[in-house]
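Chains, contacts and geometry: an overview
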Amino acid sequence: METVVQSELKKTPQKTKKKRSVKRLLIYAVLTIFAVVNAYPILWMVINSFKSEKEFQVDQFGWPDTFVLDNYVNAWNTANFGVLFKNSIFVCLAATISTVLIGAIASYFLSRFTFKMNKVVYTFFIFGMLIPIHATLVPMFILIRNLGLLNTPITLIFPYIAFHLPITIFILTSFMKAFPKDIEESAVMDGCGIFRIFWSIILPMSRPALATVIILNFIYNWNEFSFALVLINDPALQTLPLGLASFAGQFTTNYGAQMAGLTMSLIPIVAFYLLLEKEIVKGMTAGAVKG
Amino acid sequence: MHAVGKRRGAIILGLLPALIIYVIFAILPILQSFYYSVMEWDGFSEMTYVGLANFKEIFQDPLFWNSVKNNIFVVLASVFGQVPIALFIALLLNRKLKGLKIFRTIGFLPVVLSTVVISLTWSLIYNSEDGLINGVLRTVGLEGWAQNWLGDTNLAMISVCITVIWQFVGLYLIIFLAALQNIPEEVLEAAKIDGASEWTTTRKIIVPMIWDTVIVAVILCIAGSLKTFDLIYVMTNGGPSHSTEVMALYMFNETFSQLQYGYGSAVSVLIFFFSLILIYLVNKIFGKKMI
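Residues numbered from 1 in each chain as written. Chains lettered and ligands numbered in written order. Predicted model: local features only at pLDDT ≥ 70, side-chain atom pairs only at ≥ 80, totals over all residues. Heavy atoms only, no water.

With that out of the way, let us pick up the overall build of chain B. Helices and strands together make up the secondary structure of chain B, namely 13 helices and two strands. Scaling as 2.2 N^0.38, a compact globule of 291 residues should have a C-alpha radius of gyration of about 19 Å, whereas chain B reaches 24 Å, well beyond that. In terms of overall dimensions, chain B has a C-alpha envelope of 75 × 75 × 30 Å along the principal axes. Residues classed as buried in chain B amount to 54% of the 291 residues present. As displayed, chain B has an accessible area near 13,500 Å², and 66% of this comes from carbon and sulfur atoms. Charged side chains in chain B number 18 positive and 18 negative. The centres of these two groups are separated by 17 Å. (Helix = DSSP H or I, 4+ residues; strand = E, 2+ residues; numbered from the N terminus. Rg over C-alpha atoms; globule rule 2.2 N^0.38 Å. Buried < 20%, exposed > 50% of the residue type's maximum accessible area, 1.4 Å probe, protein only. Areas by Shrake-Rupley, 256 points an atom, 1.4 Å probe, with all protein chains shown as cover. Lys, Arg positive; Asp, Glu negative; His and termini not counted. Charge placed at Lys NZ, Arg CZ, Asp CG, Glu CD.)

As structure tokens, then:
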């Protein structure tokens, strides 16, 4: 009897260990499949962008024999990538900086001051998160046309600011509200004005939340397509997503050039992502859950 | 929150820039949608008031109902595709594993990419001649299974939905992971001491504890997929023969290709109400937690 129990005791840890390692292997297998499904479509495109048309047709799975850069030259010239990058960077930076700056000032007053309309104004801003962008495409086009802003370098900046202010204000106010109440009091004692307090105390203290909204705005603006589609039709003013879409539409059979174009447009945002991954994930989850 | 003297001037000055841009470029357009929706207008000549005629016409258009049906299909595919996959992978990732960070990084990558880039990449993957999927099928000897994935009315919607699922699984994965990491260690230890197997712990403790997050994810997923536009616009533009046309796309085509600004605005108003009803349901279920 005793020996039986003992041998059982001896067996069990080994058994569970084995079981555990099998389970671990299974988990890794599933995760690897998930990672491959997630990454391979993009890798496939990047790898094939370096192949000649001929090589791509013969073998689309292996590494390229020699890394051909023709597709890149081709895409860069026909799609005017230089212009697209320049436009995207300008629109994206201008809209992001304006949104965060304007939003931060508004958030400061909404979070640190009591005044009659405070709650109403705040709710009014937050309501913007409920407006579906597509429901405004028609009137936005007419409005921008009537303002004489159609097809100008700054056209897109206004709708981008307007539609991203709500989430920006939402995140910044909830962050600024949490500061202790006596911050301004001591500053006022030292003779600081309201805007001075904002610039030298509140803004530096909000750095983590500012990082979040800057990143969120940057990604949204960089990837935005619908407004650009409706409001911009001058090729010289197109942003990257818009330029890519029309480029692909024109070169439906030139796969190599398409892949090269897509790869080029991927580089900045992927680099941005890998560099700031932690912050981006935090920001996107905050944006998603609260937006 | 407290008053640093009642500096009304400063408050107004601080809120004004945000308010002006927000009102002109977000609030005004949505109000104008309502106004245009009762008009017959080609965008250039005189408007004529037609009452609810546009709405009546929309409801009688089988293409509109087709787009509603397709939209519901996208919603269902997203909810039943994205959420379960994301939850499953998150549960697998929620343990001390080597290489966990790599899986997380790759898992979230598609979320930050531009929808246009994703659409174009997947269009190449689905390509009937040289696409990745048909290439794989040919390589493994299933030549007969090769299809025109985006060109077949029966398959196009499913193909599009696979891409939609692929794009956003990472977002919900990260949301779930964050929720899982918030479960206090002691709860899980207590379960372990009580001899609960991992499966039981997952089913009876972990999943119920993050159930709120799961529901939030479901709602986000519904709201997000109601807004699907860019992806389908670039991949199929609603075709072949309207088989992938969703509401936003129907609105866009009616307005900008047929120059029916009144009619398109009426569709916009319907989209807006669809979204509002959803938000109402969200608030009903979660109290004021979401907004």
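That was the structure; now back to the text.
All names here are of chain A. Split by domain assignment, chain A resolves into domain 1 (2-48) and domain 2 (73-285). A C-alpha centroid distance of 43 Å is found between domain 1 and domain 2. Counting from both sides, the interface comprises five residues of domain 1 and, opposite them, four residues of domain 2. With both chains or domains summed, domain 1 and domain 2 bury close to 410 Å², and 87% of this area falls on carbon and sulfur atoms. (Domains from an automatic or database assignment. Contact = heavy atoms within 4.5 Å. Buried area = accessible area lost by both parts, 1.4 Å probe.)

Glancing now at the pattern of salt bridges. Taken as a whole and assessed by the stated rule, the structure comprises six salt bridges over all chains. Glu279 of chain A serves as the salt-bridge partner of Lys282 of chain A, at 3.7 Å between the closest nitrogen and oxygen. Here Glu279 of chain A and Lys282 of chain A lie together in helix H14 (residues 277-290), a separation of three residues that amounts to about one turn. Note that Glu198 of chain B and Arg95 of chain B form a salt bridge whose closest N and O atoms lie 2.8 Å from each other. Taken together, the residues Glu198 of chain B in helix H9 (residues 198-209) and Arg95 of chain B in the loop between helix H3 (62-93) and helix H4 (100-112) connect sequence positions 103 residues apart. Overall, Glu198 of chain B belongs to the partly exposed group, its relative accessible area being 38%. The structure contains a network of salt bridges with shared partners spanning Lys23 of chain A together with Arg95 and Glu198 of chain B. (Salt bridge = Lys/Arg side-chain N within 4 Å of Asp/Glu carboxyl O.)

Residue and element names in this part refer to chain A. By the secondary structure assignment, Ser88 is in helix H4 (residues 81-112). The exposure class assigned to Ser88 is buried, which follows from its relative accessible area of 4%. Those residues in contact with Ser88 that lie beyond four places of it in its chain are Trp222, Thr239, Leu240 and Pro241.

Next up on the list: the UniProt feature "transmembrane region" (unreviewed entry) in chain B. Residues and elements named next belong to chain B. Mapped onto the present numbering, the UniProt feature "transmembrane region" (unreviewed entry) falls at residues 12-35, 72-93, 105-125, 155-180, 205-226 and 261-282. Secondary structure over residues 105-125 splits into 90% helix and 0% strand, and the C-alpha atoms at its two ends are 23 Å apart. Structurally, residues 155-180 comprises 96% helix and 0% strand, and the distance from its first C-alpha atom to its last is 36 Å. (UniProt positions renumbered as here; feature names shortened; annotations may be inferred.)

In this section: the UniProt feature "transmembrane region" (unreviewed entry) in chain A. The positions UniProt marks with the feature "transmembrane region" (unreviewed entry) are residues 25-47, 88-110, 122-144, 156-176, 197-220 and 255-276 of chain A. Taken as a whole, residues 255-276 of chain A contains 95% helix and 0% strand, while its terminal C-alpha atoms sit 31 Å from one another.

Residues Lys17, Arg20 and Arg24 of chain A together with Lys96, Lys98 and Lys192 of chain B make up a contiguous surface patch of positive charge. The biggest single contributor to the positive patch is helix H1 (residues 2-48) of chain A, with three residues. Considering the arrangement of structural elements, one finds Lys192 of chain B in helix H8 (residues 185-193). Residue Lys192 of chain B is classed as exposed on the basis of its relative accessible area of 68%. (Patch = residues over 30% accessible without salt bridge, like charges linked within 9 Å, V, L, I, M, F, W, Y side chains within 5 Å.)

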